[in-house]
Amino acid sequence: MADHRPNMYRDADRWVLRASSITRCQQSLIAAATGMEPLPPPETLQVAFDEGSAGEAEVLRMFCEEGWHPKSRVTRSDGDVWAALDPATLGSYHQDGVSYPHVSLDILDDDQFTAEIPVGRGAVIRGHLDGIVQRIAVGGGGEPLEMGERAVVEAKLLGKDLFAKVVRGGLVKGFEAYAWQVSLYMAATGLPGWFVAGEKKRWAEGDPRREGTDDHLCYDIASVYVERFDAPPVPL
């Protein structure tokens, strides 16, 4: 679910900086904090934003259930199965009696995991996690045998050029904002991190599937590129 709050805003007695805005310039954050409304993006850019928000759940599902792009930094082995945890279930917030340090069910009442990292006494960095997943060991018939390690996932839907760029150079080279998000959510959960990028293939203009379909849903996801981090890509 997209978060349409300002990049920086007041919530009761605290300032909230959105995790997705951590790399924005100071001027834009000050403008948001003082209540200035940003100009709306061009229509084509807004469609791309809406496509990204709508596609994250499918990117996460493909990471859990399907094959990964052959040039991913990690190779998926046979029987490597992951399951997305339910943000509405209390058991998703702790494992073996250990809770995540800065992720809680009661931060925001919505349908995603929410992280809230204190900054000094009067501010927090707050952000939505795209997912927390858990590895499942399966038997020969596909039946689940036991639950394994957990990890936090940052999922993005990228167009052709950006997808080629991340496949070529990885997350850290040229995707600073995404690398910061992965690092913040790893710190918030104490879990390893996965960055997963879906390759967006827009339908051609004459494609009959466009009839009756919203513009921001007119695409397929061809594959997912996967990269794992056991330490935050941006040291915090």
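The coordinates are above.
Here is a short report on the structure shown in this document. (Residues numbered from 1 in each chain as written. Predicted model: local features only at pLDDT ≥ 70, side-chain atom pairs only at ≥ 80, totals over all residues. Heavy atoms only, no water.)

## Section: the environment of I221
The cut-off we apply is this: By definition, any uninterrupted DSSP run of H or I lasting at least four residues is a helix, any uninterrupted run of E lasting at least two residues is a strand, and each is numbered from the N terminus.
Structurally, I221 is set in strand β11 (residues 219-229). Each C-alpha atom, one on I221 and one on Q46, is 19 Å from the other, the two residues being 175 residues apart in sequence.

## Observations regarding the pattern of salt bridges
Definition in use: Each reported salt bridge corresponds to a side-chain nitrogen of Lys or Arg within 4 Å of a carboxyl oxygen of Asp or Glu. Classification of residues uses two cut-offs on accessible area relative to the type maximum, computed with a 1.4 Å probe and protein chains only: under 20% is buried, over 50% is exposed, and between them is partly exposed.
Evaluated as defined, the whole model comprises 15 salt bridges. The shortest N-O distance in the salt bridge between E66 and R61 comes to 2.6 Å. The class for R61 is partly exposed, based on a relative accessible area of 26%. A salt bridge links E199 to K201, with the shortest nitrogen-to-oxygen separation between them at 3.4 Å. Given the relative accessible area of 42%, K201 is considered partly exposed.

## Topic: the layout of surface pockets
How we decide: In the cavity and pocket records, a cavity denotes points on a 1 Å grid over the protein atoms alone where a 1.4 Å probe fits but cannot get out, a pocket denotes an open set with protein on both sides within 12 Å along at least 5 of 7 lines, and lining residues are residues with an atom within 4 Å of a point. Grid points are joined across faces, edges and corners, and a volume is the space filled by probe spheres set on the points. Put simply, Ala, Val, Leu, Ile, Met, Phe, Trp, Tyr, Cys and Pro go in the nonpolar bin, Asp, Glu, Lys and Arg in the charged bin, and everything else, Gly too, in the polar bin.
As a volume, the second largest pocket reaches approximately 230 Å³. What lines the second largest pocket is a set of 15 residues, among which A57, L60, D111, Q112 and D130 lie closest to the centre. Listed by contribution, the elements that provide at least two residues to the lining of the second largest pocket are α2 (43-65) and β8 (131-138). In terms of residue count, the dominant contributor to the lining of the second largest pocket is α2 (4 residues). In terms of residue class, the lining of the second largest pocket is built from 9 nonpolar, 3 polar and 3 charged.

## A short note on the nonpolar core
Selection criterion: The nonpolar core is taken to be a set of buried Ala, Val, Leu, Ile, Met, Phe, Trp, Tyr and Cys residues, with the residues joined through side-chain atoms within 4.5 Å.
If you look at the biggest cluster of nonpolar residues, it comprises 32 residues, and the most contacted ones within it are V103, L129 and V166. The set of elements that each furnish at least two residues to this core consists of β6 (113-119), β7 (123-129), β9 (144-158), α3 (160-169), α4 (176-189), β10 (193-202) and β11. Counting residues per element, this core draws most heavily on α4, which supplies 6 residues. M62, F63, C64 and V133 belong to the second largest nonpolar core, which has 18 residues in total.

## So, the packing of aromatic side chains
Any two aromatic rings considered together are summarised by their centre-to-centre distance and by the angle between their planes. Selection rule: In this analysis, rings of Phe, Tyr and Trp, with Trp reduced to its six-membered ring, are considered paired at centre separations within 6.5 Å, and the interplanar angle assigns stacked below 30 degrees, edge-to-face beyond 60, and tilted for intermediate values. Each ring is checked for a lysine NZ or an arginine CZ that lies within 6 Å of its centre and within 35 degrees of its normal; such an atom marks a charge sitting over the ring.
If you walk through the whole model with that rule in mind, you get 8 aromatic pairs. Centroid distance F63 to W194: 5.2 Å. Interplanar angle 55 degrees. Geometry classified as tilted. Within this pair, whereas F63 is found in helix α2, its partner W194 is found in strand β10, the two being separated by 131 residues in sequence. Seen in terms of ring centroids, F175 and Y178 are 5.9 Å apart; in terms of plane orientation they differ by 20 degrees. Their pairing is stacked. An aromatic cluster of at least three residues, connected via ring pairs, comprises F63, W68, W82 and W194. For the cation-ring pair, K165 lies above F175, with the distance from its terminal atom to the ring centre recorded as 5.3 Å.

## Here we look at α3
Note the threshold: Relevant arc is that of directions from the helix axis to the C-beta atoms, nothing else.
Every buried residue of α3 is accounted for by F163, V166 and V167. Along the axis of α3, the buried positions cluster into a sector of 100 degrees, meaning they face one direction only. In α3, the exposed residues that point more than 90 degrees away from the buried face are D161 and R168. Just past α3, the residue G170 takes up positive phi, approximately 85 degrees.

The values are spatial; any link to function lies outside them.
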